[in-house]
Number of protein chains: 2
Amino acid sequence: MRADARRNYDRIVEVAREVFREQGYDASLDEVAKRAGVGPGTLYRHFPKRENLLDAIMQSWVDRVTETADKALAHEGTDRDLLLNWFEQYVGLISQHKGAPAKLTSAMGDPDSPIRTKCQVLAEANDRVLERLRQDGVLREDVEPIQVCRLVGGVATIADSSELDAAAVRPMLEVVADGLLR
Amino acid sequence: MRADARRNYDRIVEVAREVFREQGYDASLDEVAKRAGVGPGTLYRHFPKRENLLDAIMQSWVDRVTETADKALAHEGTDRDLLLNWFEQYVGLISQHKGAPAKLTSAMGDPDSPIRTKCQVLAEANDRVLERLRQDGVLREDVEPIQVCRLVGGVATIADSSELDAAAVRPMLEVVADGLLR
DNA sequence: ACCTGAACACCGTTCAAGT
DNA sequence: ACCTGAACACCGTTCAAGT
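Positions within a chain are numbered from 1, following the residues in the order the chain's sequence is written. Starting at A for chains and at 1 for ligands, labels are handed out in the order in which the entities are written. Local features in this predicted model are restricted to residues of pLDDT 70 or higher, and side-chain atom pairs are both shown and tallied only at a pLDDT of 80 or more, whereas totals for entire chains, interfaces and linings draw on every residue. Only hydrogens and water are removed before side-chain values are computed, so all heavy atoms of the structure are retained for them.

Digging into the domain arrangement of chain A
All names here are of chain A. Taken as a whole, chain A is organised into domain 1 (1-48) and domain 2 (50-180). Where each domain starts and ends comes from a domain assignment, either automatic or drawn from a database. Centre-to-centre separation of domain 1 and domain 2, based on C-alpha positions: 28 Å. The contact criterion used is simple: two residues touch if any of their non-hydrogen atoms lie within 4.5 Å. Taken together, the contacts link 14 residues of domain 1 with 13 residues of domain 2. A quick way to say it: buried area is the sum, across both parts, of accessible area lost when two parts are put together, with a 1.4 Å probe. Of the roughly 1,300 Å² buried between domain 1 and domain 2, counting both surfaces, carbon and sulfur atoms make up 68%. Only one rule defines a salt bridge in this text: a Lys or Arg side-chain nitrogen within 4 Å of an Asp or Glu carboxyl oxygen. In this assembly, domain 1 and domain 2 are joined by 0 salt bridges. Two N or O atoms count as a polar contact when they lie within 3.5 Å, although within protein this holds only if one can serve as hydrogen donor and the other as acceptor, and sequence-adjacent residues are included solely when both atoms are side-chain atoms. Inspection of the domain 1/domain 2 interface yields 4 residue pairs in polar contact (both at pLDDT 80 or more). Side-chain classes are defined by residue name, with Ala, Val, Leu, Ile, Met, Phe, Trp, Tyr, Cys and Pro counting as nonpolar, Asp, Glu, Lys and Arg as charged, and the others, Gly among them, as polar. Residue classes in the side of domain 1 that touches domain 2 are distributed as 10 nonpolar, 1 polar and 3 charged.

Written out as structure tokens, the structure reads:
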């Protein structure tokens, strides 16, 4: 990759992260290009689809996911607390900007999505937490891990679009957690 | 209302219902106007915002909601079955077209939404079902009815965007139902 | 090899002119 | 009072010309 291309790529990603956080996932790509000081064609050369840009933005995000799951697993307390804490972390992780929870959760089952590797990381982190509970024998057995991602992702999606705060999200996560434990 | 205005209004609503069902809530309003045989200005005169059009489309829908809740309450069987059945009906009711579950669920808490009366009808139907379970003493008491709408609406939203069928939705509704019962 | 920016397409929205 | 459709704005997307 040529030096100027590299520089443009990095600036676009940095600016996009900022614009998405300000205006949500549906923000104008024209504005991203302008703020990054490049022509629209340059943006499209590097990121043919909006999702490719999202994928690039989330490059550093994957580490955060793994670390967060590690911490959640190290949590001292009841199984219910562990699960609830993980759910709250999960919601935080996928709520980077407006529209992100919906985007990430709907991509969870799509093998052709440009952000599939990111979804896999998230799914694996979730698997690790659930596996721990399963070994403790406290998890109901007729629900697949991906359905748990969808349930919590659904809560995050609604919280995002209705602009609910953590205090309003908490009871919903409790219902999901209690429904999963036996 | 003048006769030609009335006729145009009705045609637009009818066509919009069809187009939304085919292409989802984000469909082009230009196409709606074209198919209805009116100019774009006519559509905007009757429906200044897209949500006003959605509201008009759902005029007959309110009766269906009330009837569905009536039937659910007449259901013979366990409380869990009653609740689960209502949840499945609820998902069906708000999944009229792509994008509808998200739209309806995010409008549930917004008193300024053009479709607020429709949301109220849905919320009241849900209240009636929950009240019945509360009287039976099987419902946990620390969750507000609107949170139940959001939980089930969240499941419907994800099912909608991920194009899940009823078989995939069912286990998620079971988790929510079991989390709500004690 | 990469960038630029004009150009095109599409769509939402407005409004002057018409009936 | 209502309708029409041209006009404008905005944005995504492409591509010929340039470095």
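Text resumes after the structure shown.
Here we look at the UniProt feature "domain: HTH tetR-type" (unreviewed entry) in chain A
UniProt positions are given in the numbering used here, feature names are shortened, and annotations may be inferred rather than shown by experiment. The UniProt entry lists residues 6-65 of chain A under the feature "domain: HTH tetR-type" (unreviewed entry), expressed in the numbering used here. Structurally, residues 6-65 of chain A is divided into 77% helix and 0% strand, and its ends, taken at the C-alpha atoms, are 26 Å apart. We count a stretch as a helix when DSSP gives it H or I for four or more residues in a row; a strand needs E for two or more, and each element gets its number in order from the N terminus.

Notes on the protein's contact with DNA strand D
Residues are labelled near a given molecule or strand when at least one of their non-hydrogen atoms is within 4 Å of it. Not every one of the 20 residues close to DNA strand D is listed here, only the nearest: Tyr44(A), Arg50(A), Arg2(B), Asn8(B) and Thr42(B). For DNA strand D, the fraction of atoms within 4 Å of the protein that belong to sugar or phosphate moieties is 65%. Within the backbone of Asp30(A), a nitrogen or oxygen atom sits 3.2 Å from a phosphate oxygen of DNA strand D. Thr42(B) has a polar side-chain atom sitting 2.8 Å from a phosphate oxygen of DNA strand D. Looking at the surface near DNA strand D, the elements that each hand over two or more residues are helix H2 (29-36) and helix H3 (40-46) of chain A together with helix H1 (3-23) and helix H3 (40-46) of chain B. Top contributing element to the surface near DNA strand D by residue count: H3(B), with 5 residues. By residue class, the composition of the surface near DNA strand D is 7 nonpolar, 8 polar and 5 charged.

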